[in-house]
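Below are the chains, spelled out letter by letter.
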Amino acid sequence: MSVNRITGFSGFDSESLIQKMMTAERAPLNKLKFKKQKMTWQQDIYREINKSFKSLEDMTRSMSLSSSWNKFKTVSSDESSVSVSGTTASGTHKVEVLQLASTAKLEAKRELSGDTPDIGSLTPGSHSIVVELGGVSKQITIDVENGDDPAKIKDKLQAVFDKAFGQGNISVSMDASNKLEFQTTNGAALTLKPFGSDDLIDKLGFSNPANRSTSLDPLATVGSLTGDSSNPVTFTIIGKNGSKEFTIDPSDSLETVMAKVNAEGAATGVRMNYDAVAKKFTFTSMYAGAEGKVEITAGNNPSDPGNKFLERLGFSLANRGAYGTDTIAVIDGTSVSSTNNSVVKDGITYDVRKVTNGTPVTIKAERDVDALVKQITDFVNKYNEAIEGFSSKLREKVNRKILPMSDEDRKNIKEADLKLWEAEAKKGLLRSDDILSKALGDMRMTVYSGVKGIRADGKDAYLSSIGITTASFTGESGEVIKSKAAMDGMLAIDEKKLRKALEENPEQVISMFTNYPTDKSLPEKEYEAQKGLMHRFKDLFGAIQKEISARIDNTGKVNDSSLEKQIRDMNNRMEDMEAKLLRKEDQYYRRFAQMEKAMSQGSSQSSWIAAQLGRM
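Residues numbered from 1 in each chain as written. Predicted model: local features only at pLDDT ≥ 70, side-chain atom pairs only at ≥ 80, totals over all residues. Heavy atoms only, no water.

S.K.: Explain the sheet that holds strand β13 (residues 270-275) here, please?
M.R.: The strands that make up a sheet are held in pairs by hydrogen bonds between backbone atoms, and each pair lies either parallel or antiparallel. Ordered in space as β4-β14-β13, the three strands form an open sheet in which the pairing is antiparallel. Strands with a single pairing partner mark the edges of an open sheet, and in this sheet they are β4 (103-107) and β13. If you compare each strand with its neighbour and ignore which way they point, the axes differ by 25 degrees on average. As paired elements, β13 and strand β14 (residues 280-288) share six bridges and run antiparallel to each other. If you follow M272 over to β14, its bridge partner there is F283. Packing of helix α5 (residues 254-263) onto the sheet brings it into contact with β13 and β14, and relative to β13 it is tilted by some 155 degrees. (Pairing = 2+ DSSP bridges. Helix = DSSP H or I, 4+ residues; strand = E, 2+ residues; numbered from the N terminus. Axes fitted to C-alpha atoms, helices over the stretch in contact; angles between N-to-C directions. Contact = heavy atoms within 4.5 Å.)

S.K.: Would you take a moment to explain the packing of aromatic side chains for this structure?
M.R.: For any pair of aromatic rings, geometry is given as the distance between the ring centres together with the angle between the planes. Scanning the entire structure with this criterion turns up 16 aromatic pairs. Pairing W69 with F513 gives two aromatic rings, centres 5.1 Å apart and planes at 10 degrees, and the pair type is stacked. Of this pair, W69 sits in the loop between α1 (14-63) and β1 (72-76) while F513 sits in helix α14 (residues 506-514); the two residues are 444 residues apart in sequence, bridging distant segments of the chain. In this structure, W69 and F513 share a single accessibility class: buried. (Phe/Tyr/Trp six-rings, centres within 6.5 Å; stacked < 30°, edge-to-face > 60°. Buried < 20%, exposed > 50% of the residue type's maximum accessible area, 1.4 Å probe, protein only.)

S.K.: Would you mind showing me how to read the pairing of strand β15 (residues 293-297) here?
M.R.: Where a strand is regular, its side chains alternate between the two sheet faces. Side-chain alternation along β15 places V294 and I296 on a buried face and K293, E295 and T297 on a face that remains uncovered. With three bridges connecting them, strand β11 (residues 233-239) and β15 associate as antiparallel partners. Pairing of I238 across the sheet is with E295, part of β15. Here β15 runs beside strand β16 (residues 321-323); their pairing, made up of three bridges, is antiparallel. Looking at the pairing, E295 lines up with G321 of β16.

Written out as structure tokens, the structure is:
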């Protein structure tokens, strides 16, 4: 209930006096709030420590698996032909690649075929045309002499093409009727253009602009390609999944033809694509390897509209079938195959890049000692980081000079000073903590314990035998030194000794970390003694987390003495104390109000008496 209090009628400052008295009364409550705050901080610190133990548990769970130790490196006598990935065992292998995998792909092969050339009417001298190959345009110039015939002009053009675009990229040929033909050998689009007013392009037989380019416009109609705008074209596509006949209207664009073919991809197993760079169409199997195929037919009559369409599209009678191949390799005398250029044998993946032509490639696989040393070193570093993190909390002293701070004090203090106060107040909250002290001891005992019977002689194996020990109290000169690392049981690695153990007996080293007994009937002590160290650490780190979690909050469990339970109890106590303080404050105000009233009355009586005496 809100109470309006009015004081000071007597001239006496009772408000300030009451507030000072209440400050003293609130001291026990402030102490309790400070204690609660410390418990909340303890919970936060525990949670951070638990994160490091969770990280360690995850790492040791991974390292307890034999597969995490399958680290090998391979050397190929010819990396350009064969390399290896996914090796799970040491050894030497011989690999011969007989054939690479390929996907069935039918590519358009369009050539420029002109009319009968008129070489004799060319005036002697230099003549030029513009040639565009794959988007690159160049001026091509030949010297025409008296007596040149089509054959000589063909040879001159070939020589200039080879010089301008590289030998063999454009092939110049001539048919029986002396008509010139131009074809690209790299699949790039080829276009001929006139150079200014020079009439060379016409005299070569390419006066018709429709015959000057191998490029196909996907928006062009079927009729414009065949020269027949009346009759539909029919052709059949045969793939792995089956065959499908297509009837195309001459008004349809080539892009529409492609869409219709691809809509039936599931029925044929073939897709039609347009290469925007080469400006040509391709038919490709949807299946890799030898199971994929592409075949196109259009009836038996070469003059059939379907045949004419395919011819103009770039698919002559000799270019209407493509078949995929499997990779075929012989590995250690055994033939293996694959639909792609990776073959797997005995868990090893061989990536093949080219045929070896009868010369086997030697693959040598061996343990990657560098990778194993790094894996062990990473664990040791994380282990030491965790110990350093919480062992410092065990040693940290409480700053007993830090006093509780009231809510009013917190409001009036600078933020920087408040942070300093909190940093000092948090010190020593886990000093000599029982859970962490026990965890430190258990971790040290696990490091010292051996794994029973995994050595070749049947004896136990210890970390010290592979160069992993706790930090030393002895300096380089043999002197005794103070070492926090040694006191806390941090680990140190003799890398030279560790490498030697991994090189000479990697299986025993790995077994020390990963061994897991299969005989469930063993006595518990014997069973635990045969567990690899990573299994033991995994179990230990999991158990530590459970203990810490129960200390933070064990709500609902029997004998709950967690920090969360204590905080709840404190909240209840603080509520009771707040209520008592309110009643106490009200009591003070009532008493002082009575006192001020009496003082006021006394003052009035004194004034009356003084007035009466003055009249006498």
